[in-house]
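Understanding the architecture of this molecule
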Amino acid sequence: MKIVAYSSKPYDKQALCRTLEADWQPLYIEVPLDLNTVAYAQGAPVVSAFVNDRLDAEVLQILAKGGTQLIALRCAGFNNVDLAAAQKLGIKVVRVPAYSPYAVAEHTIALMLGLNRKLYRAYNRVREGNFSLNGMLGFDMYGKTVGIIGAGRIGQLVGKMLKAFGCRVLIYDPYTCEACNELGIEQVELEEIWQACDIISLHCPLTPETTHLINAETIAKMKKGVMLINTGRGALMDASALIEGLKNKQIGYLGMDVYENEGALFFEDHSCEIIQDDQFERLLTFHNVLITGHQAYFTQEALSHIAETTAQNIHAFIAGKTLENEVKAE
Ligand code: NAI
């Protein structure tokens, strides 16, 4: 059976080889799935894809015509898939719901601490023989109020870690979080998150409701000098509002692992090119902005879990079993 795995970098291939190749010989395509690359999937019943692969109605239609019946996402988020179109075309979509919430939660904390203690600046300064502490002043995490949006696997873990620092942790989720009470995390409304928090961290999925959740209006409600962290999805934040907030110092720190238009940039080496995204380039000019290229998930453990669950998902599909990790249009 032909399986095509898009956006499969050498590290993905290494992990997938261990789980898939006992049964199949997948075709690994390093570039993302889009209108230019969809032809590789002709005749493949199973297509495996990642976060920035394009799975809109147009691409799905071509896939369906070529015989694709299953999209096996190697990620948790599925905001890049037109689920309604897939359903109409008879294509099933499966994902890896949890591969390592620890990886993302730990990276979130790394961004907070890196920004607070300016580790990225210290690294360069010390290497240049500059041991001045001017501009390096941080703050104690102990006693700060941190707001988490999304009380799922990652959000809860981030909360637990922050409790260990001695932070007061507030969390917002449309659903009641029983586990949060046990962890001493207070479930509050969004308004309280905006107004009370020194640090706000995003861990909700990207939906029409959460798109640009961080915008000019919500930023204006926050404490002056707030730290914003986004390891969720880029479009949870409006980049132009972030730039304005950084310029007028309403935002004191910004840590991002994801960016709304990351598809044109992330996971590739653009170091010898002129980057055309002016918003992204403007964000990079601020000394209090720390950006990583969607690497929060990127640990050995997470890659192994992704490969294992992807293989299980494909096996279940071929065996005609219930697809435990299927995602459907609401
Ligand atoms: P999860 O499904 O366990 O939790 C998501 C939580 O968000 C749920 O409790 C849900 O009720 C809540 N939620 C839904 N709508 C909401 C809204 N409007 N406002 C606030 N909360 C809302 O997901 P998990 O595993 O914790 O992942 C969270 C997000 O992290 C994913 O959706 C994905 O976008 C992102 N992610 C990023 C990675 C990275 O490498 N940067 C890797 C893995 C996930």
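Source: prediction; values computed, not measured. (Residues numbered from 1 in each chain as written. Predicted model: local features only at pLDDT ≥ 70, side-chain atom pairs only at ≥ 80, totals over all residues. Heavy atoms only, no water.)

Re empty space enclosed by the protein
Counted only if it meets this: Think of a 1 Å grid over just the protein atoms. A cavity is a set of points where a 1.4 Å probe fits yet cannot get out, a pocket is an open set with protein on both sides within 12 Å along at least five of seven lines, and lining residues have an atom within 4 Å of a point. Grid points are joined across faces, edges and corners, and a volume is the space filled by probe spheres set on the points. Comment: elements are numbered from the N terminus, with helices defined as DSSP H or I runs of at least four residues and strands as E runs of at least two. When residues are sorted by character, Ala, Val, Leu, Ile, Met, Phe, Trp, Tyr, Cys and Pro go into the nonpolar class, Asp, Glu, Lys and Arg into the charged class, and all the rest, Gly among them, into the polar class.
The full count for this structure, using the stated rule, is two cavities of 30 Å³ or more. Quantified by volume, the largest cavity comes out at close to 50 Å³. Every residue lining the largest cavity is listed: Asn 230, Gly 234, Met 237, Asp 238, Ala 239, Leu 242, Met 256, Val 258, Tyr 259, Glu 260 and Leu 283. The computed volume of the second largest cavity comes to approximately 30 Å³. Mapped onto the lining of the second largest cavity, the elements with two or more residues apiece are helix 1 (10-20) and helix 12 (300-318). Within the lining of the second largest cavity, the residues separate by chemical class into five nonpolar, no polar and two charged.

Quick look at the sheet that holds strand 11 (residues 251-256)
Quick note on the threshold: Only strands joined by at least two bridges in the DSSP assignment are considered to pair. Residue contacts follow a heavy-atom distance rule, with two residues in contact if any of their heavy atoms lie within 4.5 Å. Note on definitions: angles span 0 to 180 degrees between N-to-C directions of axes, and those axes are lines fitted to C-alpha atoms, for helices only across the stretch in contact.
Taken in spatial order, the seven strands line up as 8-7-6-9-10-11-12 in an open sheet, and their pairing is parallel. With partners counted over all chains shown, the strands left at the sheet margins are strand 8 (186-187) and strand 12 (289-291), one partner each. Where strand 9 (residues 199-202) and strand 10 (residues 226-230) come together, four bridges link them in parallel fashion. Its bridge partner being in strand 10, Ser 201 is matched across the sheet by Ile 229. Helix 4 (residues 101-116) contacts strand 6 (145-149), strand 9, strand 10, strand 11 and strand 12 of the sheet and is inclined by roughly 145° relative to strand 10. Contacts from helix 6 (residues 153-165) reach strand 6 and strand 7 (168-172), with the element oriented near 170° to strand 6.

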